[in-house]
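Letter by letter, the chains look like this.
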Amino acid sequence: MGTLGTFALGEEACADSITLAASRKTSTPDPRDDDMNTYLRKVRYFNEDHTDDVFLKEEQFQLLQSAVKRFQRIQNLIGFGNFYLLDFDHAVNIARTQTSVGPFTIEELSFLEQLFYASASEYGFYGEKPLRNLTDRIPMQEVIKLPGTGNFLFRGQPEALYLHIRKELGDQVVLTSGVRSVIKQFQLFMTKVVESNGNLSRASRSLAPPGYSYHGVSDFDVGQVGFGAYNFTERFISTPVFKRLKDLGYLRLRYPRDNLLGVRFEPWHIKVNVAADSIGRV
Ligand SMILES: [Zn+2]
């Protein structure tokens with residue numbers, strides 16, 4: 001196993017001073033460099049530890065755990081819906097002013113910054129990064145709340161596509177996850193890192209690292225009503241909703257089976273192609 005060795009902490013650290021991750025590699029890793037069978041084993045058995053997985057160092061893992069608890073307290077305070085859209089500066093401000101949350105420490109903020117700006121390919125995630133800045137915001141005028149789901153969608157193509165799907169499939173289909181800010185993605189990814197005992201690679205096979213999720217610009221997840229957490233497992237392909245989506249040609253998947261992005265098969269995650277000028281917005 002590797003560690004994120006040059007993931008140095010300290011006040012002087014800033015985004016462009018970070019030499020990224022394990023010194024064991026001198027160039028950007030690429031799944032094609034790996035033996036393909038080894039690579040495919042990782043994405044098929046995504047929730048296990050594999051040789052060469054990159055782990056946080058113990059002090060980094062402790063900072064991650066304290067920061068994710070702080071995110072949790074913010075979510076409890078402002079509610080799930082608002083937390084989906086929360087940006088970094090606003091989160092820091094809430095923590096500083098609300099005693100039930102408590103301010104992020106300098107070490108926590110430095111860690112979050114480094115985690116955000118580290119290149120995820122160093123630990124095995126090879127997707128693009130549509131939100132490139134830690135402080136990128138979800139423009140409120142560009143999203144709409146979907147009644148009864150607690151989730152938001154981007155207006156325009158994502159909303160139109162979901163409404164088409166609803167029209168065709170009726171109330172058997174549910175929006176299980178829509179718009180997610182950088183902070184929401186931090187919380188989801190870091191919670192997975194905790195479950196993975198500090199294994200960044202394992203976490204990134206199930207959840208895009210913050211900044212790398214297309215939930216931040218366009219994509220959404222759908223599920224079968226009544227199927228609960230199974231909607232986020234491969235068992236989703238056995239549902240009537242999946243079969244109808246497939247038959248009707250709606251299955252444009254961001255993470256198809258055995259993709260080369262380092263990510264598990266996600267049959268529930270619908271890819272929405274949006275104009276390039278709306279990617280990387282600030
Ligand atoms: Zn998704």
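Scroll up a little and you will see the structure.
Student: Describe the overall build of the protein chain, with residues and values.
Tutor: The helix and strand tally for the protein chain stands at nine helices and seven strands. Evaluated residue by residue, the protein chain yields a buried proportion of 43% over its 282 residues. Taking as baseline every contact in the protein chain between residues at least 6 positions apart, the subset at least 24 positions apart corresponds to 73%.

Student: With reference to specific residues and values, describe the pairing of strand β5 (residues 173–177).
Tutor: Extensive coverage of β5 is indicated by the burial of five of its five residues. Pairing geometry for β5 and strand β6 (residues 220–224), over four bridges, is antiparallel. Across the sheet, residue S177 finds its bridge partner in β6, namely D221.

Student: Give a description of the environment of V194 that names residues and reports values.
Tutor: The residue V194 is located in helix α7 (residues 182–195) in this model. Residue V194 is classed as partly exposed on the basis of its C-beta count, with 14 C-beta atoms lying within 10 Å. Residues V194 and L64, 130 residues apart in the sequence, show an inter-C-alpha distance of 8.0 Å. Once residues lying within four places of it in the same chain are set aside, the contact partners of V194 are Q65 and V68.

Student: Tell me about unusual backbone geometry, residues and numbers included.
Tutor: A positive phi is found at D52, a non-glycine position, where the angle reads about 75°. Locating D52 in the fold gives a position in the loop between α1 (36–44) and β2 (54–55). In this structure, D258 is a non-glycine residue whose phi angle is positive, near 55°. Overall, D258 belongs to the exposed group, with 12 C-beta atoms counted inside 10 Å.

Student: Describe the pairing of β6, listing the residues and the values that go with them.
Tutor: Within β6, five of the five residues are buried, which leaves it mostly tucked inside the rest of the structure. Neither face of β6 is open: one carries F220, V222 and Q224, the other D221 and G223, and all of them are buried. Sheet topology places β6 next to strand β7 (residues 269–270); two bridges connect them, and they run antiparallel. Each residue of the ladder has a partner; that of D221, found in β7, is H269.

Student: Give me the lowdown on the nonpolar core, citing residues and values where you can.
Tutor: Counting residues in each nonpolar core, the largest one holds 62 residues, and the members touching the most others are L64, A67 and V222. Split by domain, this core shows at least three residues from each of two domains, domain 1 (1–130 + 181–212) and domain 2 (139–178 + 217–282). Contacts of L64, omitting those with residues within four sequence positions, involve L56, F111, M190 and V193.

Student: Give a description of the packing of helix α2 (residues 58–78) against helix α5 (residues 106–117) that names residues and reports values.
Tutor: Packing of α2 against α5 brings their axes to within 9 Å, and their N-to-C directions diverge by 100°. Taken together, the axes of α2 and α5 lie roughly perpendicular to each other. Facing α2, whose interface residues are Q60, L63, L64, S66 and A67, α5 presents E107, E108, F111 and L112.

Student: I'd like a rundown of the environment of Q62, residues and numbers included.
Tutor: With respect to the secondary-structure elements, Q62 resides in helix α2. A sequence separation of 46 residues divides Q62 from E108, and the C-alpha atoms of the two residues are 9.3 Å apart.

Criteria and thresholds
Residues numbered from 1 in each chain as written. Predicted model: local features only at pLDDT ≥ 70, side-chain atom pairs only at ≥ 80, totals over all residues. Helix = DSSP H or I, 4+ residues; strand = E, 2+ residues; numbered from the N terminus. Buried ≥ 20, exposed ≤ 12 C-beta atoms within 10 Å, placed from the backbone. Contact = placed C-beta atoms within 7 Å. Pairing = 2+ DSSP bridges. Core = buried A, V, L, I, M, F, W, Y, C linked by C-beta atoms within 7 Å. Domains from an automatic or database assignment. Axes fitted to C-alpha atoms, helices over the stretch in contact; angles between N-to-C directions. Parallel < 35°, antiparallel > 145°, perpendicular 65-115°, else oblique.

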